[in-house]
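Residues per chain are reported as follows:
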Amino acid sequence: MTLKKNPSDTLIDRRHAIKIMVGGMASSMLYMSSCKSESFSNKKSIVNSSSTAGQVTTRLDYKSGKMLPLLGFGCMRFPVIQRGKPDIDEEYAMQMIDVAYNSGVNYFDTAWPYHEGLSETFVGKALKKYPRESYFLADKMPTWAVNNIEDAKNIFSQQLEKCQVDYFDYYLLHALNSQSSFEKVYEQIGTLEFLQQMKKEGKIKNLGFSFHGSVEFFEFLLEKYDIWDFVQIQLNYFDWDDARQQSGKLYRMLEEKNIPVIVMEPLRGGMLARLNPTTEKVFKENDPDVSLASWAFRYVATFPNVVCVLSGMSTMEHVVDNINTFTDFKPLDRNELLVVNKALSVFKEVKPEPCTACRYCMPCPYGVDIPGVIDVYNKNLGTFNVPNLNSPRDEEFKRKKRVFLNSYTNHIDHKAKAHRCINCSKCVDLCPQDIDIPKFMRKMDNLVASLKKEA
Ligand code: SF4
Ligand code: SF4
């Protein structure tokens with residue numbers, strides 16, 4: 001197969017060069033408890049990792065006894081044929097999967113809503129050529145789509161069919177965010193009992209859940225049930241102490257219960273890979289050669305109870321950079337942790353909208369490109385290019401206005417802009433980050449309208 005021409009081709013060569021440079025087999029056990037930071041203390045020393053030349057480091061999932069790649073392939077953000085649309089650029093995405101798989105990234109995490117239903121089918125197609133036992137496949141029950149037990153059964157059997165497999169290695173109750181919907185869907189309807197039956201029948205090897213709710217609800221799930229083989233949480237250096245996410249607390253609770261953690265959103269939807277120049281400078285002063293993403297990945301993988309870090313890779317460049325980060329993985333040392341803390345305090349001053357581009361809110365019935373509009377706002381915020389309507393109309397204001405309006409015009413189709421929002425509320429309960437989407441759209445629309453009026 002000929003690789004598509006893209007800027008990352010040179011990076012593929014770099015990956016092979018690294019393989020050659022390292023050479024030979026170099027297995028070693030890493031015990032993460034050597035890290036002295038309080039945040040990273042490992043009371044139980046339950047984790048061990050193994051590094052093999054040219055392959056990403058693996059870590060023991062001590063519940064299943066399997067060595068998982070520390071880097072997992074999130075199948076939510078494949079390259080697409082047209083920006084804002086779900087159709088996957090299959091040839092390119094297939095190449096990315098092949099490069100990842102050949103570097104030991106053999107954990108793939110898909111779900112019913114990813115790419116508006118197309119991800120599972122594509123993943124099934126892409127992995128078919130590999131022996132089933134050579135990779136781990138994770139899929140999820142879409143909690144919001146289950147109204148009765150027949151729904152759950154149909155969805156599960158369709159998922160097996162779409163993915164062209166007889167079993168899922170990891171299966172999750174997707175995006176649990178409220179106790180009442182959990183009780184309705186999983187307890188009253190009987191979906192949890194059904195999934196446990198699927199586990200008995202070998203169609204699910206490990207059962208867990210992904211989470212976007214309160215600490216109290218999380219506690220309820222861990223106290224009431226001792227069935228969880230793993231739990232997937234949003235973890236990154238931005239959310240560790242965040243009042244809404246409280247990722248640090250969730251991580252600690254899982255550590256206490258000896259439940260392995262799989263990490264989602266290590267880059268917070270890409271936000272931590274493209275910081276504003278002031279924050280970026282903090283990292284670059286420490287090491288000018290590594291990517292911002294690599295800092296965020298190393299941060300989460302330094303936690304000893306993390307067995308796999310998911311990354312929703314969209315380009316070959318992402319794949320190669322991530323493989324480099326996770327090959328012969330080095331946890332952050334004390335000085336590097338201080339660098340992260342310093343960068344975080346600089347970054348938090350900017351207050352971006354906490355969108356992770358998960359697209360759970362999509363499609364908007366009125367055509368608004370919700371994550372796209374928020375992304376334009378955040379990117380401009382990060383580069384200090386969101387004009388403040390209360391500031392003097394000087395040259396600097398005019399420059400910001402020009403940059404901001406240009407980026408909005410160039411990146412968002414007219415029919416997908418914030419003014420199309422009619423406040424229908426369909427998206428409101430779908431956002432796991434609790435963003436008040438209609439309110440944000442009004443804010444964006446007012447800002448754009450005011451700037452245009454001043455022309
Ligand atoms: S509230 Fe606005 S953005 Fe959300 S679904 Fe309705 S029209 Fe779309
Ligand atoms: S607004 Fe919320 S649901 Fe929509 S993409 Fe962003 S984080 Fe996801």
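Our structure's up above, just so we're on the same page.
Every value quoted in this text rests on a predicted model; they were computed, and no experiment measured them.

1. Some points on the packing of aromatic side chains
Logical step 1: Under the definition given, this model contains 34 aromatic pairs.
Logical step 2: Their ring planes at 80° and their centres at 5.0 Å tell us that Phe78 and Phe122 sit as a pair that is edge-to-face. With Phe78 in the loop between β5 (71-74) and α2 (90-102) and Phe122 in helix α3 (residues 118-127), the pair connects residues that are 44 residues apart, well separated along the chain. The two residues Phe78 and Phe122 agree in class, both being buried.
Logical step 3: Taking 5.3 Å as the distance between ring centres and 80° as the angle between the ring planes, the aromatic pair formed by Tyr377 and Phe440 counts as edge-to-face. Of the two residues, Tyr377 sits in helix α13 (residues 370-382) while Phe440 sits in helix α15 (residues 437-453), which places them 63 residues apart along the sequence.

2. A look at the side chain of Arg132
Logical step 1: As for its position among the elements, Arg132 is in the loop between α3 and β7 (136-141).
Logical step 2: You can call Arg132 buried: its relative accessible area is 16%.
Logical step 3: Look past the residues within four positions of Arg132 in its chain and what remains in contact with it is Leu137, Val165, Tyr167, Phe168 and Asp169.

3. Notes on the layout of surface pockets
Logical step 1: One number sums up the size of the second largest pocket: a volume of about 380 Å³.
Logical step 2: Around the second largest pocket, the lining comprises 18 residues; the ones closest to its centre are Arg83, Gly84, Lys85, Asp369 and Ala416.
Logical step 3: Along the lines of polarity and charge, the residues of the lining of the second largest pocket split into seven nonpolar, five polar and six charged.
Logical step 4: Both of domain 1 (12-348) and domain 2 (370-453) provide at least three residues apiece to the lining of the second largest pocket.

4. Thoughts on the sheet that holds strand β11 (residues 261-264)
Across a sheet, strands are paired by hydrogen bonds formed along the backbone, either parallel or antiparallel in direction.
Logical step 1: Reading around the circumference, β5-β6-β7-β8-β9-β10-β11-β12 is the order of the eight strands in this closed barrel, with parallel pairing throughout. Ignoring which end each strand starts from, the neighbouring axes of this sheet average 30° apart.
Logical step 2: Inspection of the sheet shows strand β9 (residues 204-211) paired to strand β10 (residues 230-234) by three bridges, in the parallel sense. Looking at the pairing, Gly208 lines up with Phe230 of β10.

5. Details of the pairing of β7
Logical step 1: Taking burial as the measure, the six residues of β7 include six buried ones, the bulk of the element.
Logical step 2: Of the two faces of β7, both are covered, the one formed by Phe136, Ala138 and Lys140 as well as the one formed by Leu137, Asp139 and Met141.
Logical step 3: Read from strand β6 (residues 107-109) through α3 to β7, the crossover connection turns out right-handed.
Logical step 4: Inspection of the sheet shows β7 paired to strand β8 (residues 168-176) by four bridges, in the parallel sense. The residue bridging Met141 from the neighbouring strand is Leu173, located in β8.
Logical step 5: Handedness of the crossover is the feature at issue here: the chain leaves β7, passes through helix α4 (residues 149-163), returns alongside β8, and the resulting connection is right-handed.

6. Thoughts on empty space enclosed by the protein
Logical step 1: Applying the stated criterion across every chain yields a total of four cavities of 30 Å³ or more.
Logical step 2: Contributing to the lining of the largest cavity are 13 residues, with Cys364, Cys421, Ile422, Cys424 and Cys427 lying nearest its centre.
Logical step 3: If you add up the space inside the second largest cavity, you get close to 70 Å³.
Logical step 4: Every residue lining the second largest cavity is counted, 13 residues in all, and those nearest its centre are Cys355, Cys358, Cys361, Cys431 and Ile437.
Logical step 5: Its residues assigned to classes, the lining of the second largest cavity comprises ten nonpolar, two polar and one charged.

7. Overview of the nonpolar core
Soluble globular proteins tend to bury their nonpolar side chains together.
Logical step 1: Residues Phe73 and Trp228 are the most contacted members of the largest nonpolar core, which totals 101 residues.
Logical step 2: Among residues more than four places away in sequence, those in contact with Phe73 are Phe78, Met96, Ile97, Ala100, Val105, Tyr107, Phe108, Asp109, Ser311, Met313 and Val319.
Logical step 3: Counting residues in each nonpolar core, the second largest holds 30 residues, with Val350, Val386, Ile437 and Val448 among its members.

8. Some thoughts on the pattern of salt bridges
Logical step 1: Following the criterion strictly, the structure yields 21 salt bridges and no others.
Logical step 2: Note that Glu285 is salt-bridged to Lys281, the shortest N-O span being 3.8 Å. Taken together, the residues Glu285 and Lys281, both in helix α9 (residues 277-286) and four residues apart, mark about one turn of the helix. Taken individually, Glu285 and Lys281 each receive the classification exposed, so the pair is uniform in this respect.
Logical step 3: The salt bridge partner of Lys379 is Asp375, with a shortest N-O separation of 2.9 Å. Of this pair, Lys379 and Asp375 both sit in helix α13, four residues apart, which is roughly one turn of that helix.
Logical step 4: The class of Lys379 is partly exposed, set by a relative accessible area of 42%.
Logical step 5: Judged by relative accessible area, which is 22%, Asp375 ranks as partly exposed.

9. Points about α13
Logical step 1: In this model α13 runs 18 Å from its N-terminal to its C-terminal C-alpha over 13 residues, within 8% of the 18 Å that 1.5 Å per residue would give.
Logical step 2: Those residues of α13 lying buried are Ile370, Pro371, Gly372, Val373, Ile374, Val376, Tyr377, Asn378, Asn380, Leu381 and Gly382.
Logical step 3: Buried positions along α13 lie against α9, α14 (395-411) and α15.

Quick notes on the rules
Residues numbered from 1 in each chain as written. Chains lettered and ligands numbered in written order. Predicted model: local features only at pLDDT ≥ 70, side-chain atom pairs only at ≥ 80, totals over all residues. Heavy atoms only, no water. Phe/Tyr/Trp six-rings, centres within 6.5 Å; stacked < 30°, edge-to-face > 60°. Helix = DSSP H or I, 4+ residues; strand = E, 2+ residues; numbered from the N terminus. Buried < 20%, exposed > 50% of the residue type's maximum accessible area, 1.4 Å probe, protein only. Contact = heavy atoms within 4.5 Å. 1 Å grid on protein atoms, 1.4 Å probe; cavity = no way out; pocket = protein on both sides within 12 Å on 5 of 7 lines; lining within 4 Å. Points joined across faces, edges and corners; volume = space filled by probe spheres on them. Nonpolar A, V, L, I, M, F, W, Y, C, P; charged D, E, K, R; others polar. Domains from an automatic or database assignment. Pairing = 2+ DSSP bridges. Axes fitted to C-alpha atoms, helices over the stretch in contact; angles between N-to-C directions. Right-handed = clockwise from strand over helix to strand, strands pointing away. Core = buried A, V, L, I, M, F, W, Y, C linked by side-chain atoms within 4.5 Å. Salt bridge = Lys/Arg side-chain N within 4 Å of Asp/Glu carboxyl O. Expected span 1.5 Å × (residues − 1).

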